[in-house]
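Letter by letter, the chains look like this.
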Amino acid sequence: MELPASLRQGVERLLETIPLAVLRQAAKTLSDRYRAELRDGRLHMAEEMAVKAYLATRLPATYAAVRAGLDELAYARPDFQPTSLLDVGAGPGTVLWATTDLWPDLEQAVLVEASAAVRKVGQSLALDTIATRMDWRAGDVTIDLADLKPADLVTCAYVLDEIAPASLPKLVGRLWHLTGDTLLIVEPGTPAGWQRILAVRRQLLEAGAHVLAPCPHEAPCPLEPPDWCHFSRRVARSRLHRLAKDADVPWEDEKFIYVAASRQPAPVHPPRVIAPPKSGSGKVLLKLCQPDGGAGETLFTKREGELFKAARRLDWGDTLDGRSG
């Protein structure tokens, strides 16, 4: 999955004059903060150079993860056509770009972001490119959501890992209160990220939400540590991306976990592939999360005809209903 061409070109223009050594150091500092999940009172992207390092090294991956979550909720709710978006912790507008790419008729978007440096870059990238009416707002996501109005689609991507655990239930409750129809929350695909999503999922179910994806059921998660639920998207690295990360491989795999919940029930809940498939001669082994709340490996062989052909086409994260993502 790649960035939209206009976004990619905008990022390239912003980065073209930055010395590589400066960008590389900023990228390392930013990466270290994200990996450590630091909560030291400082914003990860408080400074302009940190924002540009993010654009070079993290934006393609977070865009891919967000777009994957949006695609799955759209598949679960094909009737859903949001006209309004509220993105909490908006960064440089990653969700905005993914949402307008999927739903070009989106009419308005409110984007809440604490960092002035990030808001400035986000506004610059979207100016004269995205037709949606945009309202960029300064705000701490844990305390500054009181004056917001509900939106059809509410999103919060790669934000919860920066917030003190004690503040999460109140934030999630506020996000659900602001959700007119559907809420999407995306987190890093780490064991800790999965635990945060599990807590969010439990809270939303208790509030009466319907889980659209990735779970094909609303029972407790059947996985037990050290196993954990997460997904992956392969992202092509640009030349600048490789240079900034001092990387030789022309791609990277972004691991993520998400939950999409709606005030409307999903019509269908097919099994979902929750690990990389294991293929052999005339057979494929899929680890499936099932609509009955169970999870485990299922073997498909040539003897099963069309079902085997469908299973063989599936990848990690796909649903077992003849569709591959």
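Residues numbered from 1 in each chain as written. Predicted model: local features only at pLDDT ≥ 70, side-chain atom pairs only at ≥ 80, totals over all residues. Heavy atoms only, no water.

Brief notes about the overall build of the chain
Logical step 1: For the chain, the count of helices and strands is ten helices and twelve strands.
Logical step 2: Its C-alpha radius of gyration of 20 Å places the chain within 12% of the 20 Å reference for a compact globule of 325 residues.
Logical step 3: Classification of the 325 residues of the chain by burial places 52% in the buried group.
Logical step 4: When contacts within the chain are restricted to residue pairs at least 6 apart in sequence, those whose partners lie at least 24 apart make up 71%.
Logical step 5: Surface summary for the chain: the accessible area is close to 15000 Å², and the carbon and sulfur share equals 51%.
Logical step 6: Side-chain charges in the chain split into 40 positive and 42 negative, and the spacing between the mean points of these groups amounts to 4 Å. (Helix = DSSP H or I, 4+ residues; strand = E, 2+ residues; numbered from the N terminus. Rg over C-alpha atoms; globule rule 2.2 N^0.38 Å. Buried < 20%, exposed > 50% of the residue type's maximum accessible area, 1.4 Å probe, protein only. Contact = heavy atoms within 4.5 Å. Areas by Shrake-Rupley, 256 points an atom, 1.4 Å probe, with all protein chains shown as cover. Lys, Arg positive; Asp, Glu negative; His and termini not counted. Charge placed at Lys NZ, Arg CZ, Asp CG, Glu CD.)

Brief notes about the packing of aromatic side chains
Logical step 1: Under the criterion given, the structure shown has four aromatic pairs.
Logical step 2: An angle of 45° between the planes, with centres 6.3 Å apart, marks the rings of Phe 231 and Phe 256 as tilted. Taken together, the residues Phe 231 in strand E7 (residues 231-236) and Phe 256 in strand E8 (residues 251-262) connect sequence positions 25 residues apart.
Logical step 3: Residue Phe 231 is classed as buried on the basis of its relative accessible area, which comes to 3%.
Logical step 4: With relative accessibility at 1%, the residue Phe 256 sits in the buried group.
Logical step 5: Here the aromatic residues Phe 231, Phe 256 and Tyr 258 are joined through ring pairs into a cluster of three or more.
Logical step 6: When the ring centre of Trp 251 is taken as origin, the NZ or CZ atom of Arg 234, which lies over that ring, is 3.4 Å away.
Logical step 7: For Arg 263, the ring lying beneath its charged end belongs to Trp 176, and the centroid distance is 4.1 Å. (Phe/Tyr/Trp six-rings, centres within 6.5 Å; stacked < 30°, edge-to-face > 60°. Lys NZ or Arg CZ within 6 Å of the ring centre and 35° of its normal.)

Description of unusual backbone geometry
Logical step 1: Each neighbour pair has its own omega, and for Ala 213 with Pro 214 the value is 0°, a cis peptide bond.
Logical step 2: For Pro 214, the position within the fold is in the loop between strand E6 (210-213) and E7.
Logical step 3: The phi dihedral of Tyr 158 falls on the positive side, at around 55°, and the residue is not glycine.
Logical step 4: The topology assignment puts Tyr 158 in the loop between strand E4 (151-157) and helix H7 (168-177).
Logical step 5: Judged by relative accessible area, which is 11%, Tyr 158 ranks as buried.

Brief notes about the confidence of the model for the chain
Logical step 1: For the chain, per-residue confidence averages 91 on the pLDDT scale, and residues scoring 70 or more make up 94% of the total.
Logical step 2: For residues 39-44, every residue scores under 50 in pLDDT, and the model assigns this stretch 17 contacts once sequence neighbours within four places are set aside. (pLDDT = per-residue confidence, 0-100.)

Describing the pairing of strand E12 (residues 295-301)
Two faces belong to every sheet, and in a regular strand the side chains alternate between them.
Logical step 1: Strand direction decides the pairing type here: strand E11 (residues 283-289) and E12, joined by seven bridges, are antiparallel. Within E12, the position partnered with Leu 285 by the bridge is Leu 299. (Pairing = 2+ DSSP bridges.)

Considerations on the pattern of salt bridges
Logical step 1: Inspection of the entire model under this criterion finds 14 salt bridges.
Logical step 2: In this structure, the salt-bridge partner of Arg 77 is Asp 79, at a minimum N-O distance of 2.9 Å.
Logical step 3: Put simply, Arg 67, Asp 71 and Asp 101 are held in one network by salt bridges that share partners. (Salt bridge = Lys/Arg side-chain N within 4 Å of Asp/Glu carboxyl O.)

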